[in-house]
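Spelled out, the chains give:
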Amino acid sequence: LYIDHKVLSSYKNNQKASSNYTWYIYLSNLINKLKKNNHKDSDYKVLHIGDSHSISFAHQNINLLSKPTYIQPVLILGGKAWHFANKKNNRFKSSLKEQVKNHTDSDQIFISFGDIDCRENEGIIYYAMKYKKDILKVAKNTVNQYVDYMESTLYPLYSKRYYFGFPAPMVEKENLSELGIKRNKLVRSFNLFLKEKVLSKGSFFVDVYELTANKNGYNNCLYMCDATHLSPTCLPILFKNHLYKP
């Protein structure tokens, strides 16, 4: 995936679809924050595979374990942790396997999934309420099965695997709904479950929630590109202060 003004215009010109316009807002905010880097200036490449969060650091350079490294985004649009936790085959698993098969020139990978699972109107909350399940138990089971699948798939290919958490939720209303309060608790817990599971598997964890949460568990609005996605300017801060090693 390469982000430029042609890509941006294609989303702007298709405002009839709300999802396309959301992408336009995201990319228009992001494109002005991304540094124009040359991958030839880096000694190594790291893939960043995930949903839309995988684009936040597109084509940026970072010193990863003291080595200049170029970040190559690999988008699996709409991918949820839930899809990889599911025992059945699906198009998201197929896409993951196809993408990693096409990128064999790196031994390290960034992984960003889980945010979509924790929205108010879909994913874990919707499932748990519909089937009268405990939300946090569903979250923990999802995390465990998701990470187990990712490790079994990626461990043979990538010696260093970095899982990213996701940002604390924004406060959209002064008086939070019961659903909003449930989501706040879910986001905090999902990130914690993910951190514990990833470290237990011998992989790295980048604690995005720790960076973005205020004392009440809502977004501090200091490091965001929009209401959902990180700004690329926070990349060095994440790896300096919020990287957890196994």
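See above for the structure.
What this report covers is the structure whose coordinates are included nearby. Each chain has its residues counted from 1, following the order in which its sequence is written. With pLDDT at 70 or above as the cut-off, local features in this predicted model cover only qualifying residues; side-chain atom pairs require 80 or more to be listed or tallied, and sums for whole chains, interfaces and linings still use all residues. Each side-chain value is worked out from all heavy atoms of the structure, with water and hydrogens disregarded.

**Some points on helix H6 (residues 135-154)**
Think of an α-helix as 3.6 residues a turn; residues three or four steps apart then line up on the same face.
Point 1. In DSSP terms, a helix is any run of H or I states spanning at least four residues, a strand is any run of E spanning at least two, and both are numbered starting from the N terminus. Each residue after the first adds 1.5 Å to the expected span of a helix. Given a rise of 1.5 Å per residue, 20 residues ought to cover 28 Å, and the 28 Å separating the end C-alpha atoms of H6 matches this to within 8%.
Point 2. Per-residue accessibility, obtained with a 1.4 Å probe over protein chains only, is compared with the maximum for each type, and a residue is labelled buried under 20%, exposed over 50%, and partly exposed between these values. All of the buried residues in H6 are Ile135, Val138, Ala139, Thr142, Val143, Tyr146, Val147, Tyr149, Met150, Glu151, Thr153 and Leu154.
Point 3. We call two residues contacting when some pair of their heavy atoms lies within 4.5 Å. Looking at the buried positions of H6, the neighbouring elements they touch are helix H3 (81-85), helix H4 (91-101), strand E4 (108-112), helix H5 (124-130), strand E5 (160-164) and helix H7 (178-200).

**Quick word on empty space enclosed by the protein**
Point 1. The way it works is a 1 Å grid over only the protein atoms, where trapped points that fit a 1.4 Å probe form a cavity and open points with protein on both sides within 12 Å along at least five of seven lines form a pocket, and then any residue with an atom within 4 Å of a point lines it. Grid points are joined across faces, edges and corners, and a volume is the space filled by probe spheres set on the points. Following the criterion strictly, the structure yields one cavity of 30 Å³ or more and no others.
Point 2. If you add up the space inside the largest cavity, you get close to 60 Å³.
Point 3. Every residue along the wall of the largest cavity is listed here: His48, His53, Ser56, Phe57, Ser112, Phe164, Gly165, Phe166, Pro167, Val208 and Leu230.
Point 4. Amino acids are sorted into nonpolar (Ala, Val, Leu, Ile, Met, Phe, Trp, Tyr, Cys and Pro), charged (Asp, Glu, Lys and Arg) and polar (every other residue, Gly among them). Broken down by class, the residue content of the lining of the largest cavity amounts to six nonpolar, five polar and no charged.

**Description of the packing of H6 against H7**
For any two helices packed against each other, the geometry comes down to the angle between their axes and how far apart the axes lie.
Point 1. Simply put, an axis is a line fit to the C-alpha atoms, just over the touching stretch for a helix, and the angle between two N-to-C directions goes from 0 to 180 degrees. Between H6 and H7, whose axes approach to 9 Å, the crossing angle comes to 35°. Taken as a pair, H6 and H7 cross one another with a handedness that is right-handed. Listed contacts from H7 to Ile135, Leu136, Ala139, Lys140, Val143, Asn144, Tyr146, Val147 and Asp148 of H6 are Lys182, Lys185, Leu186, Ser189, Phe190, Phe193, Leu194, Lys197 and Val198.
Point 2. The class makeup of the residues in the contact of H6 with H7 is 11 nonpolar, two polar and five charged. By convention the crossing between two helices is left-handed if the near helix lies anticlockwise of the far one by an angle smaller than a right angle, and right-handed if it lies clockwise.

**Structural notes on the environment of phenylalanine 113**
Point 1. Relative to the helices and strands, phenylalanine 113 is located in the loop between E4 and H5.
Point 2. Separated by 63 residues in the primary sequence, phenylalanine 113 and glycine 50 place their C-alpha atoms 5.5 Å from one another.
Point 3. Not counting residues up to four positions away in its chain, the partners in contact with phenylalanine 113 are Ile49, Gly50, Asp51, Ile76, Gly79, Lys80, Ala81, Phe84, Tyr146, Met150, Phe164 and Phe166.

**Brief notes about the nonpolar core**
Point 1. Nine residue types can take part in a nonpolar core, namely buried Ala, Val, Leu, Ile, Met, Phe, Trp, Tyr and Cys, and a core is a set of them joined through side-chain atoms within 4.5 Å. Counting 38 residues, the largest nonpolar core has Ile111, Tyr146, Met150 and Phe190 as its most contacted members.
Point 2. Looking at this core, the elements that each hand over two or more residues are strand E1 (44-50), H3, H4, E4, H5, H6 and H7.
Point 3. With nine residues, the single largest contributor to this core is H6.
Point 4. Excluding its chain neighbours within four sequence positions, the residues that come into contact with phenylalanine 190 are Ala81, Gly114, Asp117, Cys118, Ile124, Ala139, Val143 and Phe166.
Point 5. Core analysis: the next-biggest nonpolar cluster, separate from the first, contains 18 residues, Ile62, Phe110, Phe164 and Val208 among them.

**Quick notes on the sheet that holds strand E3 (residues 67-75)**
Point 1. DSSP calls a pair of strands paired once it identifies at least 2 bridges connecting them. Pairing is mixed across the open sheet formed by seven strands, whose spatial order is E2-E3-E1-E4-E5-E6-E7. Strand pairing shows two members of the sheet lacking a second neighbour, strand E2 (61-64) and strand E7 (243-244), which therefore form its edges.
Point 2. One ladder, built from four bridges, connects E1 with E4; its direction is parallel. What sits directly across from isoleucine 49, in E4, is isoleucine 111.
Point 3. Strands E1, E3 and E4 of the sheet are contacted by H4, whose axis makes an angle of about 170° with E1.
Point 4. Against the sheet, H6 contacts E4 and E5, and its axis sits at roughly 155° relative to E5.

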